Amino acid sequence: MINSRNLIYTNILDLTCNKGLDYAIDLAKESGVAAVGVEKTGHSGMLSYYVKRAAENGLVAIAMCQSDPMVVPYGGSENYFGTNPIAFAAPTDLEKPVVFDMATTVQAWGKILDARSKGKAIPDTWAVDQNGDPTTDPNEVAGLLPIAGPKGYGLMMMVDVIAGSLLGLPFGKHVSSMYEDLTQKRNLGQFYILLDPARFTDPAAFKHRVGEMVAELHAIKPASGFKSVRLPGEGCQIRYQKAMEDGIEVATEIYDYLRSDTVHLDMYDGKGAFA
């Protein structure tokens, strides 16, 4: 297990989470299987980054981490778990590995902030207000909803147990918020599970089978209203490539905030501007 010591600077934190991943990659290649926890982290960025690195080293990878308690449990009206994301990647004999990264909620909190900054409504299936009722107003959101009701609820519970309780860290509603008090340490957990295909089958044949799966899915006739059948997570990869070529659109409110003296002089008394 790697201790991140609650380092708050993203570049240092990424180094810590990368150190944990490097150790997991070496361990998986040596032993066939690796299970590595990184304790007391902050926001580590996209989990897909880490599993993709593992897949590029010929390994199958699963990663998960805790997040702020901002999700109502299925049938409940008060927040308990976080969006607790899960990511998966596998090598292929194609140009890119298969990569999938998801929150266990219908949408991530960042989508709510994005809608707020752009003044747009959200679908009533994304979140609830302070009374636990569905809302389309991003400014009224008090809690997010788990994907597929009890199924997403179960997944976020699993992530919290593995990436939190198993590492001796705070769990559920006891996890600190990234937005409410910026002076408070996060104490989050991140967990990697890596498998070496060579310990189970011929690695070249494995990559070919995964590549075949990709090709067969792409060859399926799309349903009405769709242009093609994509892999889970493929839309994100397409948007990433577009952003690399055309740049990233930033909402005016966020652009002005990042250019203001406020963000650099910390005038929020330790509170997040977009909480």
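Residues numbered from 1 in each chain as written. Predicted model: local features only at pLDDT ≥ 70, side-chain atom pairs only at ≥ 80, totals over all residues. Heavy atoms only, no water.

1. Overview of the overall build of the protein
Then, number 1: Across its full length, the protein carries eight helices and eight strands.
Then, number 2: The proportion of buried residues among the 275 residues of the protein is 40%.
Then, number 3: By sequence separation, contacts in the protein at least 24 residues apart represent 64% of the contacts at least 6 residues apart. (Helix = DSSP H or I, 4+ residues; strand = E, 2+ residues; numbered from the N terminus. Buried < 20%, exposed > 50% of the residue type's maximum accessible area, 1.4 Å probe, protein only. Contact = heavy atoms within 4.5 Å.)

2. Looking at the nonpolar core
Then, number 1: Counting 22 residues, the largest nonpolar core has Leu21, Ala24, Leu47, Tyr50, Val51, Tyr192 and Leu194 as the members making the most contacts within it.
Then, number 2: Elements supplying a minimum of two residues to this core: α1 (10-31), β2 (33-41), α2 (47-56), β3 (60-65), β4 (86-90) and β8 (188-195).
Then, number 3: Discounting chain neighbours no more than four positions away, the residues touching Tyr192 are Cys17, Gly20, Leu21, Ala24, Ala34, Ala35, Val36, Val38, Tyr50, Ile62 and Ala63.
Then, number 4: Within the second largest apolar cluster, 14 residues are counted, among which are Val71, Leu113, Ala115 and Ile122. (Core = buried A, V, L, I, M, F, W, Y, C linked by side-chain atoms within 4.5 Å.)

3. Some details on a positive patch on the surface
Then, number 1: Positive charge collects at one region of the surface, where Lys111, Lys227, Arg230 and Arg239 lie side by side.
Then, number 2: Judged by its relative accessible area of 45%, Arg230 falls in the partly exposed class. (Patch = residues over 30% accessible without salt bridge, like charges linked within 9 Å, V, L, I, M, F, W, Y side chains within 5 Å. Areas by Shrake-Rupley, 256 points an atom, 1.4 Å probe, with all protein chains shown as cover. Salt bridge = Lys/Arg side-chain N within 4 Å of Asp/Glu carboxyl O. Lys, Arg positive; Asp, Glu negative; His and termini not counted. Charge placed at Lys NZ, Arg CZ, Asp CG, Glu CD.)

4. A look at the confidence of the model for the protein
Then, number 1: Chain-level statistics for the protein give a pLDDT mean of 89 and a share of 89% at 70 or above.
Then, number 2: Mean pLDDT across the secondary structure elements of the protein bottoms out at strand β1 (residues 2-3), with 64, and peaks at β4, with 98.
Then, number 3: In this model residues 8-12 is a low-confidence stretch, pLDDT under 50, and it forms one contact with partners more than four residues away in sequence or in other chains. (pLDDT = per-residue confidence, 0-100.)

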